[in-house]
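Structural overview
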Amino acid sequence: MQYTLSVLVENHFGVLARIAGLFSARGFNIVSLSVAETEDPTVSVMTIVVDGDNRVVDQVKKQLNKLIEVIKVRDLTEEEYVERELALIKVGVNATKRREIIEIADVFKGKVVDISHTTITIEVTGSEEKVDAIIELLKSYGIIEMARTGKIALLRG
Amino acid sequence: MTLSGAKILVECLKREGVEVIFGYPGGVVIPLFDVLYEEKDIKLIHVRHEQGAAHAADGYARASGKVGVCLATSGPGATNLVTGIATAYMDSIPMVAITGQVATSMIGSDAFQEVDITGITRPITKHNFLVKDVNDLARIVREAFYIASTGRPGPVLIDVPKDVLTTKTEFIWPEKVELRSYKPFFKVNQGQIKKAIELLEKAQRPVIYYGGGVIAGNAGDLLTEFARKHKIPVTSTLLGLGGYPAETSDPLYLGMLGMHGTVYANYAIYHSDLILAIGARFDDRVTGKIDEFAPGAKIIHIDIDPSSISKNVVVHVPIVGDVKDALTELLKYDFHVHTDAWLKQIEEWKKANPLTYQQSSQVIKPQYVIETLSRLTKGKAIISTEVGQHQMWVAQYYGFTKPRTLLSSGGLGTMGFGFPAGIGAQVARPSMQTIVVAGDGSLQMNIQEMATARYYDIPVKVIVLNNTYLGMVRQWQELFYNKRYSAVKLAKVTCDGKECYYPDFVKVAEAYGWWASRVVDPADVEKALKDLLSQEGPALLDVVIEQEENVFPMVPAGANLTQMIGGLA
């Protein structure tokens, strides 16, 4: 099962290395990780999606808490939260199919951010499932390249 | 007051109560050694290898309970500390390691003697710091000592670039440490204490299993009081020895458990219905096959580190907090634990399967040496061990009566630890008889520190249990690899048809200006030990022992605790 952890950390150099090192040293699997400053510039938030059973994730949380520069670890999995991912998808396409792709993007509330004679690039945001779904649809047209952020998440309310 | 970084660092160390530093100089740390040169309040012990500095600081910390401090230069100086830092980390020893670094403007340029030591030590320190600005130095030193010594203790490294040492700034001593992200103090949860008592009252076959946390938490007396009040039998990990006084005739005393534990300790754990684990971490050397560890037991676990709880075994009642606080709480309640029948059973196991060995009049048995040493010192000396068979014989046959008297690398199993750690311990506790028990393999890993002991007149004693083998590996090869003794023979006993020893530890010790002697006849062991212990300065006794003696009982790796070989009735 996948767990989504929101980890508040001191905004120091080397913190990301400590967290990444903890995961690799203990054999924990990171599915995705995103890091950025919060509204308080001395604090960063990391959204970490971890794969594992309950016991593994319990250890992950405890080990994260043990790091001196970790301020707070929150497991969002059991709670109500909003999550978003962003993807940029470049599809190889000629003029005849371009319309179809724009329609697909519209359905997913995506945006066309670049267009050329042979390609079209779509920006889409949403849940992991939504991003997966549009990628699946666009595959049949030929995805040339793609970039995707990790998940970011906040508790509701 | 405007001071250089080097002066600020030394001033901070003094204010943290540091009295001794184990160090080795080098290019970028000369400014620091220059300040230490005229420093009266801090004794600088100049070792002969940085690894010796780290282990000596560790031994100093284990013996005294204070934070040990070691110091090395950048690059190879720093990397030579690594094994010592990892050793301290695995055994939760409070230590501050200070390393020099190339100037901040040079960092990252592959400069001479540059190494990313904060990167290298990240997984083996509790925390580490690279000081980029001299204005942060005092705060960082303060935080380093605070982090090293609170909560579950551990080593902290401070990497100080050369220009930070030479730059001058206003010295401001931070009165308080404020770390919003580090809160090491846990109040013991009363609800959990009550749940623990409920389980204890219901138990038929309870056992206390405790470890190094009892030593680190200075809770040996409370543990002993609690066990005796409720008549609960007690077994210890290697690092816990001395927390509960060894006395085989004490019906509650089970000795050490695990791979080379006593038969009765392992039986007691396996058949128990309730384990009260205190400051111990269910290491694989203790549990044997984890799925078959104490199959019928519920587990109460007291530990200051939440991540220790339910890491290897599922814990039914966790109590997070200082073991001293938890035991104090448990002692406040009056309740009854039923152990009469259980203690009778344990007594039978003890009678049927005592620790035993075959005595010989021809060749010296290592167990006999340790037994005799224990008797001569009344179990009150500080014993620092290396790693291997001799370490297990010490754990089995030396009757430790006080905490902080066994120093041993339990977690990392570092050969080369014991001798420098013994030097550190002797410096920390000058009035205590300090004895290093070493194997002929381990001693050669840091033998250069003989010069340190001689130079500073540190009267440490070394007993070499010399079997001309890496005995523990040889034992595994004998038992599990068809006696294929690959790379374990350390010396042949004849040279040109004559008996010889190499290295000749007596000659080596004498070359370093030590008193040294050798004993080969079992009848001479007691006198030889007395001679050794009566020496005023550093002294070594080379004890030529049975070459292929094994450590028994033994739980083979991957077996459960009742599947012992050797030592069974």
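Residues numbered from 1 in each chain as written. Chains lettered and ligands numbered in written order. Predicted model: local features only at pLDDT ≥ 70, side-chain atom pairs only at ≥ 80, totals over all residues.

**Section: the overall build of chain B**
Rule in force here: We count a stretch as a helix when DSSP gives it H or I for four or more residues in a row; a strand needs E for two or more, and each element gets its number in order from the N terminus. Each radius of gyration reported is based on C-alpha atoms, and the globular scaling rule is 2.2 Å times the count of residues to the power 0.38. We call a residue exposed when 12 or fewer other C-beta atoms sit within 10 Å of its C-beta, buried when the count reaches 20 or more, and partly exposed for counts in between; the C-beta positions come from the backbone. Here the contact rule is simple: place C-beta atoms from the backbone, and any two residues whose C-beta atoms are within 7 Å are in contact.
When its secondary structure is counted, chain B shows 23 helices and 22 strands. Computed over C-alpha atoms, the radius of gyration of chain B comes to 24 Å, within 12% of the 25 Å expected from 2.2 N^0.38 for 569 residues, which places it in the range of a compact globule. If you line up chain B on its principal axes, its C-alpha atoms span 70 × 70 × 40 Å. Sorting the 569 residues of chain B into buried and exposed places 56% on the buried side. Long-range contacts, defined as pairs at least 24 residues apart, comprise 76% of the intrachain contacts of chain B with a sequence gap of at least 6.

**Some remarks on the domain arrangement of chain A**
Residue and element names in this part refer to chain A. Inclusion rule: Domain delimitation follows an automatic or database domain assignment. Here the nonpolar group is Ala, Val, Leu, Ile, Met, Phe, Trp, Tyr, Cys and Pro; Asp, Glu, Lys and Arg are the charged ones; every other residue, Gly included, is treated as polar.
Per the domain assignment, the segments of chain A are domain 1 (2-75) and domain 2 (81-155). When residues of the side of domain 1 that touches domain 2 are traced back to their parent elements, those giving at least two are β1 (2-10), β2 (29-37) and β3 (43-51). With three residues, the single largest contributor to the side of domain 1 that touches domain 2 is β2. Each residue belonging to the side of domain 1 that touches domain 2 can be placed in one class, and the counts come to two nonpolar, five polar and no charged.

**Notes on the interface of chain B and chain A**
Each partner contributes to the interface: chain B provides 12 residues, whereas chain A provides 16 residues. Across the side of chain B that touches chain A, the residue classes break down as four nonpolar, five polar and three charged.

**A short note on the sheet that holds strand β13 (residues 298-303) of chain B**
Paired through backbone hydrogen bonds, the strands of a sheet run either parallel or antiparallel to each other. Residues and elements named next belong to chain B. For the record, the criterion: Paired strands, in this sense, are two strands between which DSSP finds at least two bridges. In this description, a line fitted to the C-alpha atoms serves as the axis of each element, helices being fitted only across the stretch in contact, and the angle between N-to-C directions of two axes falls anywhere from 0 to 180 degrees.
Spatially, six strands are ordered β11-β10-β9-β12-β13-β14 in an open sheet, and the strand pairing comes out parallel. At either margin of the open sheet sits one strand with a lone partner, and together these are β11 (253-256) and β14 (317-320). Looking at each pair of strands side by side, their axes are set apart by 15° on average, direction ignored.

**Looking at the nonpolar core**
All names here are of chain B. Selection criterion: Defined on buried residues, the nonpolar core groups Ala, Val, Leu, Ile, Met, Phe, Trp, Tyr and Cys residues joined through C-beta atoms within 7 Å.
If you look at the biggest cluster of nonpolar residues, it comprises 204 residues, and the most contacted ones within it are Ala53, Val96 and Ile158. In terms of residues, this core owes the most to one element, helix α7 (residues 137-149), which gives eight residues. Among all residues touching Val96, those that are not within four sequence positions of it are Val67, Val69, Ala144, Phe145, Ala148, Val156 and Ile158.

**So, the sheet that holds strand β21 (residues 515-519) of chain B**
Residue and element names in this part refer to chain B. Strand order in the open sheet made by the six strands is β16-β15-β17-β18-β22-β21, with parallel pairing throughout. What marks the edges here is a single partner per strand, and that holds for β16 (406-407) and β21. Sheet contacts for helix α18 (residues 418-428): β15 (382-385), β16, β17 (434-439) and β18 (461-466); angle to β17, the most-contacted strand, approximately 180°.

**Side note on the domain arrangement of chain B**
A common way to express how large an interface is: the accessible area buried when the components associate. Residues and elements named next belong to chain B. Per the domain assignment, the segments making up chain B are domain 1 (2-170), domain 2 (190-352) and domain 3 (366-544). Contacts between the two partners involve six residues from domain 1, matched on the other side by six residues from domain 2. Split by residue class, the side of domain 1 that touches domain 2 holds one nonpolar, three polar and two charged.

**Comments concerning the packing of helix α11 (residues 220-230) of chain B against helix α14 (residues 323-332) of chain B**
Residues and elements named next belong to chain B. Inclusion rule: Oblique is the label for any angle not covered by the other classes, which are roughly parallel (under 35 degrees), roughly antiparallel (over 145) and roughly perpendicular (65 to 115). Each crossing gets its hand from how the near helix is turned against the far one by less than a right angle, where anticlockwise is left-handed and clockwise is right-handed.
As a packed pair, α11 and α14 sit with axes 9 Å apart at the nearest point and diverge in direction by 30°. With respect to α14, the element α11 is oriented roughly parallel. Where α11 crosses over α14, the two elements pack in a sense that is left-handed. Between α11 and α14, the residues in contact are Leu222, Leu223, Glu225 and Phe226 and Lys324, Leu327, Thr328, Leu330 and Leu331, respectively. By residue class, the composition of the contact of α11 with α14 is six nonpolar, one polar and two charged.

**A look at unusual backbone geometry**
All names here are of chain B. Backbone torsion omega between Phe552 and Pro553 reads -5°, so that peptide bond is classified as cis. Looking at the element boundaries, Pro553 is found in the segment after β22 (539-544). Phi at Asn218 is positive, roughly 50°, even though this residue is not glycine. Here Asn218 is to be found in the loop between α10 (212-216) and α11.

**Topic: the pairing of β2 of chain A**
Regular strands show a simple pattern: their side chains alternate between the two faces of the sheet. Note that β2 of chain A and β3 of chain A share eight bridges and pair antiparallel. Following the sheet pairing, Asn29 of chain A is matched in β3 of chain A by Asp51 of chain A.

**Quick word on helix α17 (residues 389-397) of chain B**
Residue and element names in this part refer to chain B. Of all the nine residues making up α17, nine are buried; the element is thus mostly covered by neighbouring parts of the structure. Listed in full, the buried residues belonging to α17 are Gln389, His390, Gln391, Met392, Trp393, Val394, Ala395, Gln396 and Tyr397. Residues of α17 that are buried in the fold lie against β11, α16 (366-377), β15, β17, β18 and α21 (471-480).

**Details of the confidence of the model for chain B**
Put simply, the rule reads: pLDDT: the predictor's confidence for each residue, scored from 0 to 100.
Chain-level statistics for chain B give a pLDDT mean of 96 and a share of 99% at 70 or above. Scored by ipTM, the complex comes to 0.88, with pTM at 0.95.

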